[in-house]
Amino acid sequence: MTLQQLAGKAGTSASALHRYETGWDRFEVATLRRIAMALGAQLEVRLVALESPTHEKPSAASLVNVLQPLFWDKRLVADDLASHPVWVLSRVLAFGNADQVHAARAYFGDGAIRDAIDRRGMDARTRRYWNLVLDGDNASPGTQ
């Protein structure tokens, strides 16, 4: 089946399917469900707890290097981490990949993440997601 044929069956575009094929990780579950149905498959989404944090607290310089791709409009510098943590975290939580999020979480801590998600301007979907993540991490054993 060509991308165009699958796109037609799934009700999406061939370019969206191409992005998924090449590792794009910004997707809608509803779109994935339609793709699975078009392929005669069932979509299964699982959230698996991390064994233990593997990231030590990075230095400010190394965190800037990891996060710089998220700051297309301004060159991120180490001083931004201390003077504008909410701005930095808002960008990371909304657009960061797993490595960027882990590094920022190790550097700033969950308290700073809670501050960032509670600020005006954070979209509701991102806020709900991070509240679930942080509440899940704090749940007592047996309740997750």
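Residues numbered from 1 in each chain as written. Predicted model: local features only at pLDDT ≥ 70, side-chain atom pairs only at ≥ 80, totals over all residues. Heavy atoms only, no water.

For the coordinates displayed, the defined rule picks out four aromatic pairs. When the centroid spacing of 5.2 Å and the interplanar angle of 90° are considered together, the rings of Y129 and W130 count as edge-to-face. With relative accessibility at 46%, the residue Y129 sits in the partly exposed group. Lying over the aromatic face of Y107, K57 brings its terminal NZ or CZ to 5.1 Å of the ring centre. (Phe/Tyr/Trp six-rings, centres within 6.5 Å; stacked < 30°, edge-to-face > 60°. Buried < 20%, exposed > 50% of the residue type's maximum accessible area, 1.4 Å probe, protein only. Lys NZ or Arg CZ within 6 Å of the ring centre and 35° of its normal.)

Restricting attention to buried positions, one finds in helix α7 (residues 98-108) the residues Q100, V101, A103, A104 and F108. Burial along α7 is one-sided: seen end-on, the buried residues are contained in an arc of 165°. Projecting away from the buried face of α7 at angles above 90 degrees are the exposed residues A98 and D99. Of the residues that open α7, the one with a side-chain oxygen 3.0 Å from the backbone nitrogen of D99 is N97. Positioned one or two residues after α7, G109 has a phi angle of 90°, which is positive. (Helix = DSSP H or I, 4+ residues; strand = E, 2+ residues; numbered from the N terminus. Arc of directions from axis to C-beta. Polar contact = N/O pair within 3.5 Å; in protein donor to acceptor, adjacent residues only side chain to side chain.)

Among the surface-exposed residues, F27, V29 and V45 lie close enough to one another that they form a single nonpolar patch of about 260 Å² accessible area. According to the relative accessible area criterion, V29 is partly exposed, its value standing at 36%. (Patch = residues over 30% accessible without salt bridge, like charges linked within 9 Å, V, L, I, M, F, W, Y side chains within 5 Å. Areas by Shrake-Rupley, 256 points an atom, 1.4 Å probe, with all protein chains shown as cover. Salt bridge = Lys/Arg side-chain N within 4 Å of Asp/Glu carboxyl O.)

On to the packing of helix α1 (residues 3-10) against helix α2 (residues 14-21). The contact between α1 and α2 brings their axes to 8 Å, and the two run at 110°. Taken as axis vectors, α1 and α2 run roughly perpendicular relative to one another. Within the contact between the two elements, α1 uses L3, Q4, L6 and A7 and α2 uses A14, L17, H18 and E21. Of the residues in the contact of α1 with α2, the class split is five nonpolar, two polar and one charged. (Axes fitted to C-alpha atoms, helices over the stretch in contact; angles between N-to-C directions. Parallel < 35°, antiparallel > 145°, perpendicular 65-115°, else oblique. Contact = heavy atoms within 4.5 Å. Nonpolar A, V, L, I, M, F, W, Y, C, P; charged D, E, K, R; others polar.)

This part covers the nonpolar core. Core analysis: the largest hydrophobic core is formed by 22 residues, its most contacted members being L67 and V88. Among the elements of the structure, α4 (60-67), α6 (85-95), α7, α8 (110-117) and α9 (124-138) are those that each provide at least two residues to this core. With sequence-adjacent residues up to four places away left out, V88 is seen in contact with L67, F71, L76, D80, L81 and F108. By size, the runner-up hydrophobic cluster in this structure holds eight residues, among which are L6, A14, Y20 and I35. (Core = buried A, V, L, I, M, F, W, Y, C linked by side-chain atoms within 4.5 Å.)

Take the pattern of salt bridges next. Evaluation of the coordinates by the stated rule reveals five salt bridges. One salt bridge in this structure joins D80 and K74, with 2.9 Å as the shortest N-O distance. Residue class for D80 comes out buried when judged on its relative accessible area of 5%. In this structure, R105 and D110 form a salt bridge, with 2.7 Å as the shortest nitrogen-oxygen distance.

A few words now on the side chain of Q100. Tracing the backbone shows Q100 in helix α7. If we ignore the near neighbours within four places in the chain, the residues touching Q100 are V66, L67, P69, L70 and V92.

Below, the discussion takes up α4. Among the residues of α4, L63, V64 and L67 are the ones counted as buried. Projected down its long axis, α4 shows its buried positions confined to an angular sector of 105°, all on one face. Buried residues along α4 sit in contact with α5 (78-83), α6 and α7.

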